[in-house]
Amino acid sequence: MADLLIVHRHTAKTKRSVCRALLVQAKMSDDGTHVLASNDAQLHLFTTWPDFNFVDRSMDPAVRKLNEKGKGSRYALVRKAHDFPEDISWPDQSPWAEAKAALLLEGTKSFARTLGDMLLGRDGRPTNLIRPTNDWSRLIAELLKITGAKTFRRSNIRLDPKPRLTETEFPGERTLFMAHSKSFTSAPGSLMSILGVNFLPISQTSSGGGDNVGSLIVS
């Protein structure tokens, strides 16, 4: 369905929380563009979002009517070099760019800015994980639950199997797996300790397998 699910939940001092989610399909790119085949199934999904149901028995077989218009779904282009559509002052960041669903994917906005806009409530699709009232919210809640119960396996990049959903030192909060490349800035030691992961230098050209949706929760 997608390569990555990003969920941001903001809890105010009043304990009221608001949540946004974004499904991301990633593609490699040499020059900030990527051409898709006209019969690409993922492109059909991301441009038309027809009613559908899952064939995976771990998912609810009910028909989903997402009414998705692009606010909750995006492509991402993974560049080989550290260059961005915008002028960004920090050099050691993951070279990802955002692209709208189309035959010709063009990275016109850095993915870092997309994440920042999600934190500011400007991007991503509003989602209710506590009391889902539509198929979109029910889907996001189900993906978090189902993928969270699976094991993260990436032996091809020399990472040990880990539970996808792990407890952290933050009460009531959880975090899911995190990937790292020798080309990217290392996470702080305290975060590494929280995640319980020891990263080894790996090749940026390594590709993962499996058909699960990876998830990154930001609270």
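Residues numbered from 1 in each chain as written. Predicted model: local features only at pLDDT ≥ 70, side-chain atom pairs only at ≥ 80, totals over all residues. Heavy atoms only, no water.

This next bit is on the overall build of the chain. Scanning the chain from terminus to terminus reveals four helices and 13 strands. Buried residues in the chain amount to 38% of all 219 residues. Excluding contacts between residues fewer than 6 apart, the proportion of contacts in the chain whose partners are at least 24 apart in sequence is 59%. Of the roughly 12,800 Å² of accessible surface on the chain, 53% is carried by carbon and sulfur atoms. (Helix = DSSP H or I, 4+ residues; strand = E, 2+ residues; numbered from the N terminus. Buried < 20%, exposed > 50% of the residue type's maximum accessible area, 1.4 Å probe, protein only. Contact = heavy atoms within 4.5 Å. Areas by Shrake-Rupley, 256 points an atom, 1.4 Å probe, with all protein chains shown as cover.)

Tracing the sequence through the fold places Lys80 in the loop between β4 (73-79) and β5 (96-99). Its relative accessible area of 57% is what places Lys80 among the exposed residues. Measuring from C-alpha to C-alpha, the distance between Lys80 and Gly32 comes to 9.3 Å, with 48 residues separating the pair along the chain. Contact partners of Lys80, with chain neighbours within four places excluded, come to Ser29 and Asp30.

Bringing unusual backbone geometry into the picture now. A positive phi angle, close to 40°, is found at Trp49, a residue other than glycine. With respect to the helices and strands, Trp49 occurs in the loop between α1 (41-48) and β4. For Asn67, which is not a glycine, the phi torsion comes out positive at approximately 50°. Relative to the elements of secondary structure, Asn67 occurs in the loop between α1 and β4. According to the relative accessible area criterion, Asn67 is exposed, its value standing at 54%.

Bringing the confidence of the model for the chain into the picture now. In the predicted model, the chain carries a mean pLDDT of 75, and the fraction of residues at 70 or more is 68%. No element of the chain has a lower mean pLDDT than helix α4 (residues 189-195), at 40, and none a higher one than strand β8 (residues 125-126), at 96. A low-confidence stretch, residues 168-212 stays under pLDDT 50, and its non-local contacts, those more than four residues away or across chains, total 68 contacts. (pLDDT = per-residue confidence, 0-100.)

This brings us to the pattern of salt bridges. In the structure shown here, the tally under the stated rule is 10 salt bridges. The salt bridge involving Lys65 is made with Asp51; its shortest N-O contact spans 2.7 Å. With Lys65 in the loop between α1 and β4 and Asp51 in the loop between α1 and β4, this pair connects stretches of sequence that are 14 residues apart. Here Asp123 ties to Lys109 by a salt bridge, and the two come within 3.5 Å at their closest N and O atoms. Of this pair, Asp123 sits in the loop between α2 (111-119) and β8 while Lys109 sits in strand β7 (residues 109-110); the two residues are 14 residues apart in sequence, bridging distant segments of the chain. For the pair shown, Asp123 and Lys109 are each scored as buried. One salt-bridge network, in which partners are shared between bridges, spans Arg74, Glu98, Lys100, Lys109, Asp117 and Asp123. (Salt bridge = Lys/Arg side-chain N within 4 Å of Asp/Glu carboxyl O.)

Before going further, it helps to examine α2. Listed as buried for α2 are Phe111, Thr114, Asp117 and Met118. End-on, the buried residues of α2 take up no more than an arc of 110°, which puts them together on one face. Next to the buried residues of α2 lie β1 (4-11), β2 (17-29), β4, β5 and β7. Note on α2: the residue one or two positions beyond its end, Gly121, has a positive phi of about 80°. (Arc of directions from axis to C-beta.)

A few words now on the pairing of β5. Where β4 lies against β5, four bridges are found, and the strand directions are antiparallel. Paired with Val78 across the strands is Trp96, a residue of β5. Of the strand pairs in this sheet, β5 and β7 are connected by two bridges, and their pairing is antiparallel. Within β7, the position partnered with Ala97 by the bridge is Ser110. (Pairing = 2+ DSSP bridges.)

Judged by nonpolar contacts, the single largest core of 25 residues is most densely connected at Leu5, Val7, Leu23, Trp49, Tyr75 and Ile140. For this core, the secondary structure elements donating two or more residues are β1, β2, α1, β4 and α3 (135-148). For this core, the element with the highest residue contribution is α3, accounting for six residues. Excluding its chain neighbours within four sequence positions, the residues that come into contact with Tyr75 are Gln25, Lys27, Leu36, Asp40, Gln42, Leu43, Phe46, Ala97, Glu98, Ala99, Ala101 and Leu105. Leu22, Val24, Ala76 and Phe111 belong to the second-largest nonpolar core, a separate cluster that totals seven residues. (Core = buried A, V, L, I, M, F, W, Y, C linked by side-chain atoms within 4.5 Å.)

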